[in-house]
Amino acid sequence: MAVDSLSAALLSAAESIRNKELERAGASAFLKKVAARPAASLSKLCAEEGASLFLKVPEAGYSGRILGVDGGLLKEQYHGVDLILIRAVAVLFEYCDGKLSKHEYFPSENPAPDPRTITASLSEMEVLQAANILRPRKEFGTALQAARKFRPDILVMHGSIVPHPANRADPKGPLGKDYSEMIFAYKGLYEFCLDNGILLCGVIEDSRDNQFYRSVSASGNVGPESDCRDTAILYDALEKGERTFSMSHEGASQLSGDLGGFASNVFSFYIKPAEFDRPVKVDFLSGNGVGAVAERVAHAVHNTSRFNRSYGIPTVTIEADSRAKLREEDLEAISQQISDRAGPTPLSLALRRKNRPFA
Amino acid sequence: MAASSAPPAGPAATAAMEKIGTVISTMEGPSTDSFSFVIDRAEGAVPVRKDEFVSVEFEDGRVIARVEAVRKTNRYFARAESVREYGKETEIASLFPIDSWEFLVADARVLGVFQNGPADLPVARPTFPVSPGSSVRKMESGKLGRFLGFEDGGINIGEVEHHKLACRLKASRLFQKHLAILAMSGAGKSHLTRVLIEELLDRKREQGRLGIVVIDIHGEYASFSDPGPYKARTAVFDCSEFQIAVPDLSGRELAGFMPHLTAPQRRALDAAVRGLKREMREKGNTYDIKDVIASVETDEDLAKKRPVRDGLIAQLEDLEFTRLFSAKSVPPLQGLVLPGTATIFDLNRMTNPHAKQILISYLTRRLFDMRQRGAVCPYVEIVEEAHNFAPQTEKSSNALARGILEKIAREGRKFCASLVIISQRPVNLNTTILSQCNTHIIMRVTNPNDLDNIGKGSEGITAETLRSITTLRVGEAFIVGEAVNHPVPVRIRDRRSPKPRHSATLEESAREFEDASGRRREDASEFV
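K.L.:
So what's going on with the overall build of chain A? Residues and values would help.
P.N.:
From N to C terminus, chain A includes ten helices and eleven strands. The C-alpha radius of gyration of chain A comes to 23 Å, within 12% of the 21 Å expected for a compact globule of 359 residues. Oriented by its inertia axes, the alpha-carbon framework of chain A measures out at about 70 × 65 × 40 Å. Out of the 359 residues belonging to chain A, those deemed buried represent 50%. Here the contacts in chain A between residues at least 6 apart in sequence split such that 74% fall between residues at least 24 apart. Split by element, the accessible area of chain A, about 17,300 Å² in all, is 53% carbon and sulfur.

K.L.:
Can you explain the packing of helix α7 (residues 263–283) of chain B against helix α10 (residues 306–321) of chain B? Please cite residues and give values.
P.N.:
Residue and element names in this part refer to chain B. At a minimum axis distance of 9 Å, the contact between α7 and α10 shows a crossing angle of 70°. With respect to α10, the element α7 is oriented roughly perpendicular. Along the contact surface, α7 presents Pro-264, Gln-265, Ala-268 and Leu-269, while α10 presents Pro-307, Val-308, Gly-311, Leu-312, Gln-315 and Leu-316. Here the residues of the contact of α7 with α10 sort into seven nonpolar, three polar and no charged.

K.L.:
Residue-level account of the sheet that holds strand β9 (residues 179–182) of chain B, with values.
P.N.:
Residue and element names in this part refer to chain B. With mixed pairing, eleven strands are arranged side by side in an open sheet as β8-β7-β19-β18-β17-β9-β16-β15-β10-β14-β11. Here the strands that pair on one side only, and so sit at the sheet edges, are β8 (166–169) and β11 (234–238). When strand polarity is set aside, the average angle formed by the axes of neighbouring strands in this sheet is 25°. One ladder, built from five bridges, connects strand β10 (residues 211–216) with strand β15 (residues 379–383); its direction is parallel. Counterpart to Val-214 in the pairing with β15 is Ile-382. Its contacts with the sheet place helix α13 (residues 402–415) against β15 and β16 (417–423), and it is angled at close to 140° to β16.

K.L.:
Hey, could you go over the pattern of salt bridges for me, with residue numbers and the actual values?
P.N.:
Residues and elements named next belong to chain B. Evaluated as defined, the whole model comprises 54 salt bridges over all chains. As a salt-bridge pair, Glu-279 and Lys-283 come within 3.8 Å of each other at their nearest N and O atoms. Here Glu-279 pairs with Lys-283, and both are found in helix α7, just four residues apart, close to one helical turn. Given a relative accessible area of 60%, Lys-283 falls into the exposed group. One network of salt bridges, with partners in common, ties together Glu-198, Glu-199, Asp-202, Arg-233, Arg-493 and Arg-496.

K.L.:
Just give me the short version of the nonpolar core, but keep the residues and values in it.
P.N.:
All names here are of chain B. Leu-254, Leu-269, Leu-316 and Phe-325 are the most contacted members of the largest nonpolar core, which has 77 residues in total. With nine residues, helix α11 (residues 353–372) is the largest single contributor of residues to this core. Discounting chain neighbours no more than four positions away, the residues touching Leu-269 are Gly-251, Leu-254, Ala-255, Met-258, Leu-261, Val-292, Leu-312 and Leu-316. The next biggest cluster of nonpolar side chains, apart from the first, holds 49 residues, and it includes Ala-183, Leu-192, Val-380 and Ile-479.

K.L.:
Got a sec to walk through the pairing of strand β14 (residues 342–346) of chain B? Specific residues and values, please.
P.N.:
Residue and element names in this part refer to chain B. Counted residue by residue, β14 has five buried out of five residues, so it is predominantly covered. Here β14 shows no split at all, with Ala-342, Ile-344 and Asp-346 on one side and Thr-343 and Phe-345 on the other all buried. With five bridges connecting them, β10 and β14 associate as parallel partners. Paired with Val-214 across the strands is Ile-344, a residue of β14.

K.L.:
Residues and numbers for the confidence of the model for chain A, please.
P.N.:
Counting all residues, the mean pLDDT for chain A is 90, and 94% of those residues have values of 70 or more. Across chain A, strand β6 (residues 154–158) of chain A holds the top mean pLDDT of 98, while helix α2 (residues 43–46) of chain A sits lowest at 66.

K.L.:
Please provide a residue-by-residue account of the sheet that holds strand β2 (residues 34–39) of chain B, values included.
P.N.:
Residue and element names in this part refer to chain B. The strand order β1-β2-β5-β4-β3-β6 describes a closed barrel built from six strands, whose pairing is antiparallel. Across this sheet, the average inter-strand angle for adjacent strands is 40°, counted without regard to direction. As paired elements, strand β1 (residues 19–24) and β2 share four bridges and run antiparallel to each other. Counted as the bridge partner of Gly-21 is Ile-39 from β2. Strands β3 (53–58), β4 (61–74) and β5 (102–115) of the sheet are contacted by helix α3 (residues 141–148), whose axis makes an angle of about 60° with β5.

Reading guide: rules and limits
Residues numbered from 1 in each chain as written. Chains lettered and ligands numbered in written order. Predicted model: local features only at pLDDT ≥ 70, side-chain atom pairs only at ≥ 80, totals over all residues. Heavy atoms only, no water. Helix = DSSP H or I, 4+ residues; strand = E, 2+ residues; numbered from the N terminus. Rg over C-alpha atoms; globule rule 2.2 N^0.38 Å. Buried < 20%, exposed > 50% of the residue type's maximum accessible area, 1.4 Å probe, protein only. Contact = heavy atoms within 4.5 Å. Areas by Shrake-Rupley, 256 points an atom, 1.4 Å probe, with all protein chains shown as cover. Axes fitted to C-alpha atoms, helices over the stretch in contact; angles between N-to-C directions. Parallel < 35°, antiparallel > 145°, perpendicular 65-115°, else oblique. Nonpolar A, V, L, I, M, F, W, Y, C, P; charged D, E, K, R; others polar. Pairing = 2+ DSSP bridges. Salt bridge = Lys/Arg side-chain N within 4 Å of Asp/Glu carboxyl O. Core = buried A, V, L, I, M, F, W, Y, C linked by side-chain atoms within 4.5 Å. pLDDT = per-residue confidence, 0-100.

Written as C-alpha cells, this is what we have:
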C-alpha cells in the first residue's frame, strides 16, 4: 500500500534524525567537558585567546560606526537567455552607547539592480556558478566604495569574507574573467581594510561548516565522532554571550593560492548573541594580534545582535539585507523592459515548464 | 452657471499642480474603479488625507479620484514577535532606521474623467485604468468645483474637506427634490440648518428667493429675529399662541385631527360643521370648537345615538384641550410666507405632543394648498425632529403630519414646495419621505441601525464613506445625492446669524438655575 510505504519512509527519516540528534548531543556534551578542562589541552589551538575553548563577550552599549553590506540576486531562465539581477547595498549605522544616532546608505537606499544577461550556452550549474561569482563581486566592490566613503570602524559583510571553493572557475573558461574580477574585489577590500584599520568581518547565518569540532577533537581531546555542523553542536554548548576561540582559515581554505597572502589573515569564531537562536559563524580579517581583533569584532557583533532572543544577527546586517532584497516584481519589470527593447525573439520565450497549458 | 474658473483640460493644466504620489501595482489594480498610490515623503507636512480629491493624467485625459483610505506600512513593525523582542530592552528606533521604512499608501476610488479637449466637455465615465507609475497630483479648486457640480453664487454651506474650495450648491438641485439632514444628536444638524437658512435669506432677487418656513421644535432658530443681519427678514411665532380658525376647516379636515373617529361619528361631525357654516353664512357670526361641541350635544338625531354622540364629543373635547382651536386664525397664514423671509414657528413652549402633531399637520397642509393655488411663493419647509412627525411604524393617530409630508415629498417638486427633513433617528423615519429626499447631508452617526438605513437609502454612498460617517467630527458632513455629482465631504462654515438662545452648556444652565434660585430666596426673605 502506498500509505504504508510512505509511513515507513517517514519513520525511517525520523529515526535517522533521532540518531543524528544523539550524535549531536554527545558532541555537544564533549565540547562542554573540554571547555571545563585546564587550559593546557587547548594551548595549541588558541594560545592567543587564553587557551579557552569558549570566551565570554561582555555586554555593553555599542558605540561606533558600523557598515553592513549585503547583496540581492534573482535569476530567470528563458529559452535562449539567462537573466541575472544583482544589487548590493551598504548601510552605515552610527551607534552611540547602544543607540542608533545616524544612518546612511550607499549607493542609495534603493539602488536599481544591475541586469546581466548570459547568452552563452552554459549549463544550469554554470549559470548558478556565474550568479555566485557575480554577487560577491558586486558586494565586495560596493563594500570597498562604501568603506572609502564612510571610513567605518567595522565592516560587516552578510556571509563569508572568503570565496566559496565551489565557485572557483577555470581561468580560461567562460567565467574566468568574472572570477578573477571577484578575487580582485575581495583582495581590494582586504587591503583597504588592513591599511586603514577597519575591522572586516562576515556574518554567516547558516554555516554548514564543521571545522571547529573537527579541530577540537583532533587536538588531543578525543571525542565522539561527529560530522554534525558546528552550529548544531554549539547550539547548547555555547551560552548566550559566549563565543568560541578563533580558528585560522588558511588550512581549511582551498583558495589560499587565489587569495595570496591574505588567506593567512582570515579567522573565524562562533558566537551566540541570542538565547534561543543558533550560534552564528563570524569570519574576520586580522593583520596581527588575532585575540584583540577577535575581541573587538565579537564585541561589535554581539552588542548589535543580542536584542532578539531568537534571532541573533547584527542590526546593520538586517537592514542591509532588507535593502538589498530583490522582489519577483523587479525581475518581471526589468525582463519586460529588456524584451521591449530587444524585440520579439524566441530567445526570450518563457521556459515550457513555466508555460503549461493547464495549471 | 457652472463654475467657470476652471482651466482647460489637458496636460498643460496640470503642470503647476503638486505631485503627491505615484500609482502602484497591487493585486486589485489599478482598475477602472480604483487604484493605490504610494505617497511622496514631505517633511513636516501631510501630503494627502483621507477623502481628499486627487487626479492622475492618462491617455484619455485626467482621472479624478477620491482617497478612501490612507495606510502606513513599516516592515520593522510587521511581525508582532519581533517588535516585542526588539522592544524589550530598548526602543526599536534606537536600533534600526525605522523612519526610512515607513510608507504611506493611499487607496483611491475613481470617480470620473475629464477628457482631453475643450474645458466644457462633460465628465466621462472611467473606462480604462491609470498606469502604474503615473504621477498622482493634487486637484486644483476650480476644476474640482466643476467636477463636483458646484455653482458660482450657490448655497455656500462650508468648505470641501482638505481643499480650499467653498461648497456652493445649486439651490434647485439642493432643495427642489427635497433634502434630508441626518445625524446623531450634537453632530451639528442645527448649526447646518442655520447656515442653510442664512444662505436662503442672503439670496438676491435675481437669484430667485424662496420663502422659508421653519418648524422649530426646540426654539433653536428664534434668535434669527434678534438684532443682527436677519432681524428684518425673520418672523418668529410662539406656537403656544397659535390658533387654528375652526370656521376655516371643513368637517373632513376637522375629522383629520381625530383619527379614531368612526364612520357615523365622521358623518355626524360633518353634519354639525355644515350646520354651523350655514348659520355663519346666514347670520354673519362665527364659531369655535365649543360651538361644534354644543352643536353635537344638541343635535336631536344624535340624541338617539348616544354612543356615537358621546364618543364624538369626547374627541372634540380632546381637541379643545389642546387650546389650538378658536374662531380666528392666529397668526393669519395669508401673507406669512414671503420670498426671502424666514417664518419660524417656535414650538418650544408647546408641551402637548398631540397638539404639535395637529399644528404641523395643519400648517404643512395649508401651506401646500396655498402653494398649489399660487397663493404663496415657492418655499422650503424645514421640519426638525422629522422622525416624530413622519415615523415609519407609528399608528396614524401619533403621526398626523405623516400623510401630508409624504404627499409633499412625492408631489412638492412640481409645485416648488420643498422639504428639508431633519432627523437624528433615520431608522425611524418614514422610508417614502426619506427616499424622496434626493439629497442627503449626513453628519456623524454611530448607531448601527441608523447607519444601515442611511446606507440603504442614500444613493452613491459607498461602504467606505459609510464607515467614515462614524468618525466625522462635529460640523463635518458628507453630501450625497442630487445636489452634487459625487459624495463630497464638507466642513460646515461658521454661522453669521446671532447665537442661538438656548445654547448654554450643562454647567452654565446649572449655574444659572442656582443663581436664580438664590435671588428668589433673597427676594422672599427681604419681603418677609
